[in-house]
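Each chain, letter by letter, is given below.
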Amino acid sequence: MGNLRKNYLSNRVNRRSGKVVGLGILALILILMPVLVPNTYYIHLLIMVGINSVLAMTFILLLRMGLITVATAAFWGIGAYTSTLLVVRLDLSFWLALPASTIITGIIAFITGFPLVRKGGISFVIETLAFAFIIALVFGTFDVFGGYTGIYNIPTPEPIRLPFLAPIEFISKTPYYYLMLFLVSLVAVVLSAFYAAWTGRAWRAIGLSPRLAESLGVNLFRYRLLAFVVTAAAAGLMGSFFAHYYGSIVPGTFGPFKSLYAQVYAILGGVGFAILGPIIGSLIMTIVPEVLRIAKEFEPVFTGLLVILLVMFLPDGLLGLSRRRPQPPAKSMARMASWIRGFLTDHSRSDQQ
Amino acid sequence: MGLVYVLLASGMNLIIAISGILFLAYGQFYMLGAYILWGLMVLLKVPYFIALCVATIVPAILGGVIYRLIFQRIQSMGRQFLNGIVAAIGLMLLLGQAALLAFGTSSRGVGSVFIGMLEVGGVRITFEKVVLIMLAVVVILGLHFILQKTQVGRAMRAVSFNPDVAALQGVNSNRTYLGAMVVGCGVAGFAGGAMAPVFAISPSMGGTITLLILLVVMLGGIGSMPGAILAGLVLGLTLSFGQYFIGTGLVQILLFAVIGCIVFFRPGGLLGQPTEELPV
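Residues numbered from 1 in each chain as written. Chains lettered and ligands numbered in written order. Predicted model: local features only at pLDDT ≥ 70, side-chain atom pairs only at ≥ 80, totals over all residues.

Draft legend 1. The arrangement of the overall build of chain A in detail. Helix and strand content of chain A: 14 helices and 0 strands. Secondary structure of chain A in N-to-C order comes out as α-α-α-α-α-α-α-α-α-α-α-α-α-α. Within the span of chain A, comprising 353 residues, buried residues form 44% of the whole. Within chain A, residue pairs in contact and separated by at least 24 positions form 75% of the contacts whose partners lie at least 6 positions apart. (Helix = DSSP H or I, 4+ residues; strand = E, 2+ residues; numbered from the N terminus. Buried ≥ 20, exposed ≤ 12 C-beta atoms within 10 Å, placed from the backbone. Contact = placed C-beta atoms within 7 Å.)

Structure (structure tokens):
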């Protein structure tokens, strides 16, 4: 018995240290990326991967509570526009506008969340969809936001002056890359802290069964509102970064379709993995179209096909592979064959769960 | 335009309510119907009604094949709701770009089919729009008849009410989903074909309209055919009238805000049953 326990413990420690080593290697690779990949275009793609993965993370957080949001990109846009207006109109420094826009986005989410989060289910989807349409239209219609042509020449962040070092100027892509890395890991750490704390437990309980959680004394509305505000603030943070990185913003970027793409990233990576899943998903969905660019105009056709095939054969996402026992190729071939047979003949799976 | 929304919304309502797939590629079938009509009428000089029939049947068959190939498998596994959405987005990308490659970016028009005006109580409508309205009414009545009176329709309603119980009663739910998909895509193709002579056709016409239709379906209430009709009319009329009186941007903002409010007070839509939690 004692032996068993010891085995278990050492196993656990091993797994834990393996995790730490893995994370360390990953961090090292990520930090050295600009040196390893000197091409600025690839660095740009990686920065976009970072932004997209944060959006997908926020999607997963809400999804775990049974809320499917279509307003991810709307809050992303609110963050971008707030930060831009603060810097352009009020001459604020970027380093002030970044936290300020995060907080303002959070406050807007708090106010809008009051009516939005009150009901789950389909009505939440519709309300967020309507909200996403409204936000994109507001940015386009009113002159303060620059209309449909957007705002150009957004100033770059002010250089950071550290003692004994040359000031870090935001001219090339590399400083942006490190800033992105910092922000994404910040969001990841904050979100995992939320998951690990009592809030995460309450969220998981709501995700399992909202009614049961409510009957056990979990305040459904309050926890959902908290999650809504947290996700919106994270999206707003990335929005502020995006606006100053990209240099121009147009309302079309922040429409509901972007939220749908965030959803695709999240689900392809694996919904069961709150932090790593979105990163993997958005990485795949950014790299594959780039590789397919050789096929020129056929690229979206292949991307669409890839998305469909991934969802069909990996319903738990790419990272779901790591959980399932790897299947011998012969067996998966047999499954494929049975699927094709099922398509050809009609003794269909009528007895689904 | 309001009637196009009504047609599309009732078709999409069928798909969502019965098979539970949030079919975001739906707008592409509408575009496909319009292009088939254009190809047949302008390039091959086929008469309008035959072309309209083909524009209905081809998307219907395509929808069925797509269900068999893709969604049947997804429906039989876990997380079907989310994975279905993702597969539909993939399909939307695929079909949209395929249309762009096949037909080019420029928008096309089919010349007017019915020439002449009709005067009803001082209001002048083109003859074309009258035919369109009549056709739409016939299709919607037909859909209603199928759903309410036939054996297939009864099976569809049973499956949408509770798939497990329906399966116990001997309903092949898979075939029912297939049927919903075929009919829904057929209606989309028909809507595309019917509006092609009146409005311009372009490969991008299937994109944004899908989200609007989704909003209409949910506003009307999922599974409620009258709700879809009502919501489609409200949306279409508000958009076309408001553009004259208030301006495009503002009227849309107001419209969406009103939709948000309605859904807040009636979570199941105007004429639907509220559903509390999603099958995530």
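On we go.
Draft legend 2. Quick peek at the overall build of chain B. Assigned secondary structure in chain B consists of 11 helices and 2 strands. Relative to a compact globule of 280 residues, whose C-alpha radius of gyration would be 19 Å, chain B shows 19 Å and is just as compact. In terms of its C-alpha atoms, chain B occupies a principal-axis envelope of roughly 55 × 45 × 35 Å. The 280 residues of chain B split such that 52% are buried. Look at the contacts in chain B between residues 6 or more apart in sequence, and 76% of them connect residues 24 or more apart. (Rg over C-alpha atoms; globule rule 2.2 N^0.38 Å.)

Draft legend 3. The environment of Ala228(B), seen in detail. Residue and element names in this part refer to chain B. One can find Ala228 in helix 10 (residues 225-245). Counting along the chain gives 36 residues from Ala228 to Gly192, while the straight-line C-alpha distance between them is 18 Å. Not counting the four nearest positions on each side in its chain, Ala228 is found in contact with Val6, Ala9, Ser10, Asn13, Val216, Val217 and Gly220.

Draft legend 4. Representation of the nonpolar core. Of all hydrophobic cores here, the largest spans 200 residues; its most connected members are Met238(A), Leu37(B), Ala88(B), Ile213(B) and Val216(B). Per element, the largest residue contribution to this core is 15 residues, and it comes from helix 5 (residues 121-141) of chain A. (Core = buried A, V, L, I, M, F, W, Y, C linked by C-beta atoms within 7 Å.)

Draft legend 5. The interface of chain A and chain B, seen in detail. Taken together, the 46 residues of chain A in the interface contact 51 residues of chain B. Those elements that provide at least two residues to the side of chain A that touches chain B are helix 5, helix 10 (256-269), helix 12 (299-313) and helix 14 (329-344) of chain A. Here the side of chain A that touches chain B gets 14 residues from one element, more than from any other, and that element is helix 5 of chain A. Of the residues belonging to the side of chain A that touches chain B, the class tally is 29 nonpolar, 12 polar and 5 charged. (Nonpolar A, V, L, I, M, F, W, Y, C, P; charged D, E, K, R; others polar.)

Draft legend 6. Quick look at helix 1 (residues 2-19) of chain B. Residues and elements named next belong to chain B. The end-to-end C-alpha distance of helix 1, which contains 18 residues, comes to 26 Å, matching closely the 26 Å that a straight helix rising 1.5 Å per residue would cover. Most of helix 1 sits out of view: 17 of its 18 residues are buried. Positioned one or two residues after helix 1, Gly20 has a phi angle of 75°, which is positive. (Expected span 1.5 Å × (residues − 1).)

Draft legend 7. Examining unusual backbone geometry more closely. Phi is positive for Asp91(A), which is not a glycine, with a value near 55°. Residue placement: Asp91(A) occurs in the loop between helix 3 (72-90) and helix 4 (94-116).

Draft legend 8. Spatial organisation of helix 3 (residues 48-75) of chain B. Here helix 3 of chain B contains 28 residues, and its C-alpha end-to-end distance of 37 Å stays within 8% of the 40 Å for a straight helix at 1.5 Å per residue. Of all the bends in helix 3 of chain B, the greatest measures close to 45° and is centred on Arg68(B). (Bend = angle between axes of the 7 residues up to and from the residue.)

Draft legend 9. Focus on the packing of helix 3 of chain A against helix 4 of chain A. Residues and elements named next belong to chain A. At a closest axis distance of 8 Å, the pairing of helix 3 and helix 4 adopts a crossing angle of 135°. Looking at the two axes, helix 3 sits oblique to helix 4. Remark: the crossing between helix 3 and helix 4 carries right-handed chirality. Where helix 3 approaches helix 4, its residues Phe75, Ile78, Gly79, Thr82, Ser83, Leu86 and Val87 are matched on the opposing element by Phe94, Ala97, Leu98, Ala100, Ser101, Thr102, Ile104, Thr105, Ile108 and Ala109. For the contact of helix 3 with helix 4, the residue count by class is 11 nonpolar, 6 polar and no charged. (Axes fitted to C-alpha atoms, helices over the stretch in contact; angles between N-to-C directions. Parallel < 35°, antiparallel > 145°, perpendicular 65-115°, else oblique. Left-handed = near helix turned anticlockwise from the far one by under 90°.)

Draft legend 10. Representation of the packing of helix 2 (residues 40-63) of chain A against helix 10 of chain A in the model. All names here are of chain A. One way to put it is that helix 2 packs onto helix 10 with a least axis distance of 8 Å and a crossing angle of 75°. In terms of axis orientation, helix 2 runs roughly perpendicular to helix 10. Contacts between helix 2 and helix 10 pair Asn52, Ser53, Leu55, Ala56, Phe59 and Ile60 from the former with Ala262, Gln263, Tyr265, Ala266 and Gly269 from the latter.

Draft legend 11. Structural context of the confidence of the model for chain A. In this model, chain A carries an average pLDDT of 81, and 86% of its residues clear a pLDDT of 70 or more. Segment residues 346-353 of chain A: pLDDT under 50, and 14 contacts once partners within four positions in sequence are set aside and those in other chains are kept. (pLDDT = per-residue confidence, 0-100.)

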